[in-house]
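So the chains spell out like this:
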Amino acid sequence: MAADLLETTVLATYPLTPSVHQLVLRADGHTFDHTPGQHVSVRYESDDGRPVYRPYSPVNGPGTDRLVLAVKRYDGGTCSVWLHERSVGDPVPLMPPSGNLHLRDSGRDVVFLATGTGLTPMLAMLGQYLTAGAGRAVLLYGERTPADLMYRSMLDRLSASHSSLSVEYVLSDASWEGRTGYVQDHLDAALDMVVDPHVYVCGVPEMVVDTQDALQTAGIPDEHIFSEGWEQGAVDE
Ligand SMILES: Cc1cc2nc3c(=O)[nH]c(=O)nc-3n(C[C@H](O)[C@H](O)[C@H](O)COP(=O)(O)OP(=O)(O)OC[C@H]3O[C@@H](n4cnc5c(N)ncnc54)[C@H](O)[C@@H]3O)c2cc1C
């Protein structure tokens, strides 16, 4: 067993959407000290006894014994299916937080661009920005249908109570009356709401690459773009 493996226990599980479950994990006697945007690696044992590790980004910030994960289930997947089958009281071992996605400068405007469960690190960073940030924040969040939107009521409440925050949903479902298509199609509108921003991008690798290209075309310097790509097909599978 890896020396720094941390034992956690499922405190609660909750369906956020038809395919995404929220899991609240508690590590007794431990205080999580992650930087918002970082991920932990969940350890799952495969049928032949081999350890398998998968990264998940907590949506909550540090300072408590709890981590809140939002996990999308992939049929035929390994760890995502295992996590969806966990019940209250079950152990979930994980490696401590790591990773380089984090808020660089809370003194300037920010744009968070996410598709699918790429939203998770953005929520953690958005929470930090709303506490410590000094500028405007725009969250551009892409999914397929309204039913796929995670944390919608919380995001709507946040944007209603913070005049410095705009939350823009972009759905590929054509019957939606709001923004439709891909998040990249709405970059200009998001960039119009801010001044000289840092831009954070997380989602399917293709979206991340396309978005980086579009941001460069829009004049955002490379060093102001911070990204993480992880899921194949989270929006368009
Ligand atoms: C830094 C980082 C942070 C992450 N944070 C989160 C998070 O907060 N929430 C979250 O839900 N996920 C997150 N992921 C993705 C997560 O780590 C796993 O890749 C995902 O849960 C699938 O793992 P699995 O073991 O179930 O599938 P695997 O066993 O790896 O794959 C088995 C089969 O499942 C299917 N499958 C697996 N993944 C996908 C996919 N992405 N798209 C389509 N089919 C797939 C395929 O058929 C594949 O052949 C993150 C990834 C990274 C790199």
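Residues numbered from 1 in each chain as written. Predicted model: local features only at pLDDT ≥ 70, side-chain atom pairs only at ≥ 80, totals over all residues.

1. Comments concerning the overall build of the protein chain
At step 1: Along the backbone of the protein chain there are 5 helices and 12 strands.
At step 2: Relative to its length of 237 residues, the protein chain is compact, with a C-alpha radius of gyration of 18 Å against a globular reference of 18 Å.
At step 3: On the principal axes, the C-alpha backbone points of the protein chain span a range of 50 × 35 × 30 Å.
At step 4: Taken across its 237 residues, the protein chain has 36% of its residues classed as buried.
At step 5: Considering only intrachain contacts with a sequence separation of at least 6, the fraction spanning at least 24 residues in the protein chain is 72%. (Helix = DSSP H or I, 4+ residues; strand = E, 2+ residues; numbered from the N terminus. Rg over C-alpha atoms; globule rule 2.2 N^0.38 Å. Buried ≥ 20, exposed ≤ 12 C-beta atoms within 10 Å, placed from the backbone. Contact = placed C-beta atoms within 7 Å.)

2. So, the domain arrangement of the protein chain
At step 1: Looking at the assigned domains, one finds that the protein chain contains domain 1 (6–98) and domain 2 (110–229).
At step 2: The gap between the C-alpha centroids of domain 1 and domain 2 is 24 Å.
At step 3: Listed per partner, the contact involves 13 residues of domain 1 and 13 residues of domain 2.
At step 4: Class assignment for the residues of the side of domain 1 that touches domain 2 results in 7 nonpolar, 5 polar and 1 charged. (Domains from an automatic or database assignment. Nonpolar A, V, L, I, M, F, W, Y, C, P; charged D, E, K, R; others polar.)

3. What to know about the pairing of strand 5 (residues 66–72)
At step 1: The buried fraction of strand 5 amounts to 5 of the 7 residues, a majority that puts the element mostly inside the structure.
At step 2: Sheet topology note: the strand 2 (residues 20–26)/strand 5 ladder contains 7 bridges and is antiparallel. Residue pairing across strands places Q22 opposite A70, the latter belonging to strand 5. (Pairing = 2+ DSSP bridges.)

4. What to know about the sheet that holds strand 9 (residues 165–171)
Backbone-to-backbone hydrogen bonds join strands into a sheet, with any given pair of strands oriented parallel or antiparallel.
At step 1: Ordered by their spatial adjacency, 6 strands build an open sheet running 10-9-8-7-11-12, and the pairing between neighbours is parallel. Sheet topology places strand 10 (179–180) and strand 12 (225–229) at the edges, where each strand pairs with a single neighbour.
At step 2: Of the strand pairs in this sheet, strand 8 (residues 137–143) and strand 9 are connected by 7 bridges, and their pairing is parallel. Its bridge partner lying in strand 9, Y141 is registered against Y169.
At step 3: On top of the sheet, helix 2 (residues 119–132) reaches strand 7 (110–115), strand 8, strand 9, strand 11 (198–203) and strand 12; it is set at about 155° to strand 7, its chief contact. (Axes fitted to C-alpha atoms, helices over the stretch in contact; angles between N-to-C directions.)

5. Remarks on the nonpolar core
At step 1: Ranked by size, the top nonpolar core spans 54 residues in total, and within it V111, F112, L113, M122, L139, L140 and Y200 carry the most contacts.
At step 2: Ranked by residue count, the leading element in this core is helix 2, at 7 residues.
At step 3: A domain-level breakdown of this core finds at least three residues from each of domain 1 (6–98) and domain 2 (110–229).
At step 4: Discounting chain neighbours no more than four positions away, the residues touching M122 are F112, A114, L139, Y200 and C202. (Core = buried A, V, L, I, M, F, W, Y, C linked by C-beta atoms within 7 Å.)

6. With respect to the environment of S106
At step 1: Mapped onto the elements, S106 comes out in the loop between strand 6 (91–98) and strand 7.
At step 2: For the pair S106 and H21, spaced 85 residues apart in sequence, the C-alpha to C-alpha distance is 30 Å.
At step 3: Dropping the residues within four chain positions of it, S106 is found in contact with Y129, A132, G133 and A134.

7. Observations regarding the sheet that holds strand 6
At step 1: Spatially, the 6 strands line up as an open sheet ordered 4-3-6-1-2-5, and their pairing is antiparallel. Either end of the sheet is taken by a strand with one partner, and the two such strands are strand 4 (51–56) and strand 5. Taken pair by pair, the neighbouring strands of this sheet meet at an average axis angle of 40°, ignoring direction.

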